[in-house]
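Residues per chain are reported as follows:
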Amino acid sequence: MLDTEFFRRWLSAAAAAVDREADRLTELDSAIGDADHGTNLRRGFAAVTAALEAEGPATPGAVLVLAGGRLISSVGGASGPLYGTLLRSTGKSLGPADEVSPEQFAGALREGVAAVSRLGGAVPGDKTMLDALEPAAAALAKDPEGFASARSAAADGALATVPLRARKGRASYLGERSIGHQDPGATSSALLVAALAEAAVREAS
Amino acid sequence: MLDTEFFRRWLSAAAAAVDREADRLTELDSAIGDADHGTNLRRGFAAVTAALEAEGPATPGAVLVLAGGRLISSVGGASGPLYGTLLRSTGKSLGPADEVSPEQFAGALREGVAAVSRLGGAVPGDKTMLDALEPAAAALAKDPEGFASARSAAADGALATVPLRARKGRASYLGERSIGHQDPGATSSALLVAALAEAAVREAS
Amino acid sequence: MLINVPETVVPDALRGMAAAHPELAVDVDNRVIVRGDAPVAGKVALVSGGGSGHEPLHGGFVGPGMLDAACPGEVFTSPVPDQMVRAAAAVDSGEGVLFVVKNYTGDVLNFAMAAELAEDEGVRLATVLVDDDVAVTDSLYTAGRRGTGATLLVEKIAGALAEEGAPLERVEAVARKVNSSSRSFGVALSACSTPAKGGPTFDLPAGELELGVGIHGEPGRERRPMMTSGEIADFAVEAVLDDLRPTGPVLALVNGMGATPLLELYGFNAEVQRVLGSRGVPAVRTLVGTYVTSLDMAGCSVTLCQADEELLRLWDAPVATPALRWGR
Amino acid sequence: MLINVPETVVPDALRGMAAAHPELAVDVDNRVIVRGDAPVAGKVALVSGGGSGHEPLHGGFVGPGMLDAACPGEVFTSPVPDQMVRAAAAVDSGEGVLFVVKNYTGDVLNFAMAAELAEDEGVRLATVLVDDDVAVTDSLYTAGRRGTGATLLVEKIAGALAEEGAPLERVEAVARKVNSSSRSFGVALSACSTPAKGGPTFDLPAGELELGVGIHGEPGRERRPMMTSGEIADFAVEAVLDDLRPTGPVLALVNGMGATPLLELYGFNAEVQRVLGSRGVPAVRTLVGTYVTSLDMAGCSVTLCQADEELLRLWDAPVATPALRWGR
Ligand SMILES: Nc1ncnc2c1ncn2[C@@H]1O[C@H](COP(=O)(O)OP(=O)(O)O)[C@@H](O)[C@H]1O
Ligand SMILES: Nc1ncnc2c1ncn2[C@@H]1O[C@H](COP(=O)(O)OP(=O)(O)O)[C@@H](O)[C@H]1O
Ligand SMILES: [Mg+2]
Ligand SMILES: [Mg+2]
Ligand SMILES: [Mg+2]
Ligand SMILES: [Mg+2]
């Protein structure tokens, strides 16, 4: 079972990863966007960390709903509402339970990813965060405890955005010139999924 | 004797020299000024050339007065009024004669240089055009037909501005930092005096 | 860069704006700039916002005859919903609020969330999207046209109608009309530097330019060897006219991207007017200046709006904001 | 650069200005920008001018309440006497003309020649020199202090008094008073590029700045490693205050050099106000913007003017020019 602590660990690992990789994310965003993705997420996850400290939400769902809300209130840009919705929607699907099974989480994450797709109107292949989130959610749907393979799926998905032409977000303005660059949002999504795997490993040990 | 043709030759050699060296003058002015001296003089001497063509002044004095007036009306900046005054004042001193002796010219040039000093309030050593004009005028005063030694005196004078600290014009704002650069106006003055020597050589031949 | 640390650029600017403009109410902590006399009884309120770095847009357009409030996000990052919810609450007189939103995924999403929340709190809300940038061509395969220079026209003209006391539906309608009558095209002669990145957002060698840029320091659609002012005007004006196909006179905004000297911008305007003249499209009003910017980017954009009597009357109506001020 | 060829930059800009400002009479060939309704009967006329590249100064300040005419020279080159003679003739109503001249050798000499010629033609003439730049320290060994930001204040305030119908002597006197009550200090974060040179006028590595620059792209008195906005404000405001030693409140101009984004400039203003506060010198009026520029130079300047009731009343008086507009 995955408890509240697991989700806190996830988000704290995510915050650390985003902080560590912020410059790289911004660099990627400067090639095909507006050079703020790293700064955006660093600010957002710092707010999440602070809120989790301050409010101490008691259930997995509450942790994710709180985190999503903080992202919405502190990030801005495209990624704020999208990542905010991802976490809020996933959290809402988890309901009020104190612990959730990996199967429940895999289902909830699918809901969350679907909500991102609905909100932003993007589908896999559009060169967005969905190109990392979708394969990760699909991997967990197949093997709910396979966090490591979810991580590889997300990482592969992020890498696979390189040859794509962007159809959503700022990068789409570049047309053909968006080809050959890795999408910053897919890259940060891969970090979030890797953080999940990290939280799972630490739990196992 | 120096006839009208001599003075036209002088100014046309000066115009050619300024045009050829404009970029260098601007470069010098960009080190300790505002990067326009070459452009200023090129514009001015082009106007002088056009006016001399169009109006065909008949005496040495008229040639210089017309040229000085055109410089005033077309150059602007510090160098426009100063060079304009140099030529106008020299020309006025020459009076209405059809030809002038080298002695008369040497005396008139001294007047012209003095007028520049009065107008701009600068004296030799201030790191201005006077550092080339003064020695040239002094050389001619000593040997009215010594155009070649006037040329060397002006060139030496221009070179000797390098270690000076500017006390007049824009370069003075730099204080100590004006040291180590050759004054653009002294450099263009050396070109004008060289053009005089050129005109004299061509006359002799 | 003339900053302290990248993290405080926006609140620092808001403090400085508050000091310079006692006629505005600047809430630094919550990042909302409000007309000092808001809410204005009987008046529909206009709220806009977007990432910072486009100044004077939007904060410089807050005041009588234009915006009631502006919500600045981080640099090039759309504001968060909380800001717009707070702004709407501060300016709503009961006549409703119009959100003027530039068409970027981030702005659209954040304003949409804010609209939902504000409506929940009982505010009558309408939203108009500005999407005037013709450089974005195939809207099926993109996030759609970007909102750029036309934003100023929408805010000025809808703001004037609101100031006259028109109801929300009419203010919304005129805003939509201005947007659908306007097109823009932008050119970058240099990249810009964001505080967070600390250097240029992309690499543009001297002697080259980017055609079809937006206002977020992103590269354009095409890089070319440097063109003259006249060639750029030909390209930009024709790109706009070919899409707008105006049937009458236009209102022109000749806009600097940030670092282009006014001297150059006026010279560029001469070329823009030449091209308009040669295409038989007179500019009955022309505004030249640095209004919708991309930090310290060198470059320019041209916005043309097909004008009619109503739009011209509202354009000419008094406005009193930090950056746009005339009449009265 | 957004230009055609360096040789036509100034006339190109004048054509573009004429197109954008039908309320002005722009003589492109003779390079004179005149208020459309000049000469104004019974009013002393103000004429200024200087090298181009400082826009909106001076042409953008022509209009009711400020200048009657401006004479733009080539880039960074003072205008020629013919321009000022023509301008004086165009604006003189018989009440006389005040020349507002920034203290540079070229401007001083050319305006002096023009004054002589205009007086010969029967114009009553007075000249006020603006020399507010405290970065130029030892006036015995220099051309004297440069005219920078205070020029805007002199033109605005003396222009307002002229608009009220005051005689030449009083207009001249208030102009002198503004100048003697004002000091400025400028900082460059980058060099600027002139069209003629086609590149930066000096070499300023990223990460360094020049303290005490003028507005002609010349280097300053001292190069230092980059400072924060707050540190620059400390340095600049203190340099000004230590020289001005005001005994009461001041009017502040926080000016961008050309390429500094308004976002940064407002942030800098917050720091300027902090320093003023800590020195017990309140700024009763603050103008923030890009007004007295050096082409595309990044940087800023601070001008402080010791204010009294008369100056504040005239500062607040209506002005209607392309770049400065309020009241009425
Ligand atoms: N419509 C969308 N659906 C899903 N993800 C999107 C969409 N638009 C943008 N993104 C993601 O957001 C990322 C950019 O985030 P960020 O840089 O923070 O916001 P912004 O683009 O507003 O500056 C992109 O790399 C992309 O992965
Ligand atoms: N007061 C002065 N007396 C004599 N020469 C001067 C004076 N001031 C400046 N100059 C000369 O003028 C030159 C600069 O000319 P120019 O660049 O054309 O004008 P500006 O300095 O107005 O840009 C200087 O190099 C100097 O030789
Ligand atoms: Mg981004
Ligand atoms: Mg010069
Ligand atoms: Mg962004
Ligand atoms: Mg000059």
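Bear in mind the structure is a predicted one, so any value in this text is a computation, not a measurement. In this numbering scheme, every chain counts its residues from 1 along its sequence in written order. Written order decides the labels, with chains lettered from A and ligands numbered from 1. Given that the model is predicted, a residue must reach a pLDDT of at least 70 before its local features are reported, and side-chain atom pairs must reach 80 or more before they are shown or counted; all residues, however, enter totals for whole chains, interfaces and linings. With hydrogens and water set aside, each side-chain value is computed from the structure's full complement of heavy atoms.

## Quick word on the coordination of the magnesium ion (ligand 5)
Moving on, step 1. Donor atoms are limited to N, O and S found within 2.8 Å of the metal ion, a distance that becomes 3.2 Å for Na, K and Ca. With water left out, some sites might look partial. The protein atoms that coordinate the magnesium ion (ligand 5) are Asp34(A) (OD), Asp36(A) (OD) and Phe76(C) (O), at distances of 2.1 to 2.2 Å.
Moving on, step 2. Here the term buried applies to any residue with accessible area under 20% of the maximum for its type, exposed to any over 50%, and partly exposed to those in between, with areas from a 1.4 Å probe on protein chains only. The class for Asp36(A) is buried, based on a relative accessible area of 8%.

## Side note on the site of ligand 1
All names here are of chain A.
Moving on, step 1. Whether a residue is near a molecule or strand depends on its heavy atoms: if one lies within 4 Å, it is near. Within the structure, ligand 1 sits among 21 residues, and Asp34, His37, Ser79, Asp183 and Gly185 are positioned closest to it.
Moving on, step 2. Within the side chain of His37, a nitrogen or oxygen atom sits 2.8 Å from an oxygen atom of ligand 1.
Moving on, step 3. Polar contact is defined as a pair of N or O atoms within 3.5 Å, subject to the rule that within protein one atom must be able to donate a hydrogen and the other to accept it, and that residues adjacent in sequence are counted only when both atoms are side-chain atoms. Here an oxygen atom of ligand 1 and a backbone polar atom of Met129 are 2.9 Å apart.
Moving on, step 4. Using a 1.4 Å probe, accessible areas were evaluated by the Shrake-Rupley method; residue-level cover was limited to the displayed protein chains. Here ligand 1 has 570 Å² of accessible area as a free molecule, and 96% of this is covered by the chains.
Moving on, step 5. When contributions to the shell around ligand 1 are tallied by element, the ones reaching two or more residues are α2 (37-55), α4 (79-94) and α8 (184-204).
Moving on, step 6. In the scheme used here, Gly and all other residues not listed as nonpolar or charged are polar, with Ala, Val, Leu, Ile, Met, Phe, Trp, Tyr, Cys and Pro taken as nonpolar and Asp, Glu, Lys and Arg as charged. Class assignment of the residues belonging to the shell around ligand 1 gives a composition of six nonpolar, nine polar and six charged. Counting from the N terminus, the helices are DSSP H or I runs at least four residues long and the strands are E runs at least two residues long.

## Details of the coordination of the magnesium ion (ligand 4)
All names here are of chain B.
Moving on, step 1. Each protein donor to the magnesium ion (ligand 4) is listed here as Asp29 (OD), Asp34 (OD) and Asp36 (OD); together their distances run 2.0 to 2.2 Å.
Moving on, step 2. Every donor residue of the magnesium ion (ligand 4) comes from the same chain, spaced as D-x4-D-x1-D.
Moving on, step 3. Between the two metals, the magnesium ion (ligand 4) and the magnesium ion (ligand 6), the spacing is 3.5 Å, and Asp34 donates to both. Grouping residues by exposure puts Asp34 and Asp36 together as buried.

## A word on the domain arrangement of chain C
Residues and elements named next belong to chain C.
Moving on, step 1. These domain boundaries are the output of an automatic or database domain assignment. Partitioning chain C into structural domains gives domain 1 (25-181) and domain 2 (182-315).
Moving on, step 2. Contact between two residues is taken to exist if any of their heavy atoms lie within 4.5 Å; hydrogens are not considered. Listed as interface residues are 36 residues of domain 1 and, on the opposing side, 38 residues of domain 2.
Moving on, step 3. Both faces considered, domain 1 and domain 2 share a buried interface measuring about 3000 Å² in area, 61% of it formed by carbon and sulfur atoms.
Moving on, step 4. By definition, a salt bridge exists where a carboxyl oxygen of Asp or Glu is found within 4 Å of a side-chain nitrogen of Lys or Arg. For the interface between domain 1 and domain 2, the tally reads five salt bridges.
Moving on, step 5. With a closest N to O distance of 2.7 Å, Lys177 and Glu310 form a salt bridge.
Moving on, step 6. Across the contact surface, domain 1 and domain 2 share 22 residue pairs in polar contact (both at pLDDT 80 or more). Summed over both partners, the accessible area lost on bringing two parts together, with a 1.4 Å probe, is the buried area.

## What about the interface of chain D and chain B?
When the parts of a complex come together, some accessible area is lost, and that lost area is often used as the size of the interface.
Moving on, step 1. On the chain B side, the residues contacting the 35 residues of chain D number 32 residues.
Moving on, step 2. In this assembly, chain D and chain B are joined by two salt bridges.
Moving on, step 3. In this structure, the salt-bridge partner of Lys197(D) is Glu27(B), at a minimum N-O distance of 3.8 Å.
Moving on, step 4. The tally of links between chain D and chain B comes to 12 residue pairs in polar contact (both at pLDDT 80 or more).
Moving on, step 5. The leading source of residues in the side of chain D that touches chain B is helix α3 (residues 105-120) of chain D, at five residues.
Moving on, step 6. Classifying every residue of the side of chain D that touches chain B by side-chain character gives 13 nonpolar, 12 polar and 10 charged.

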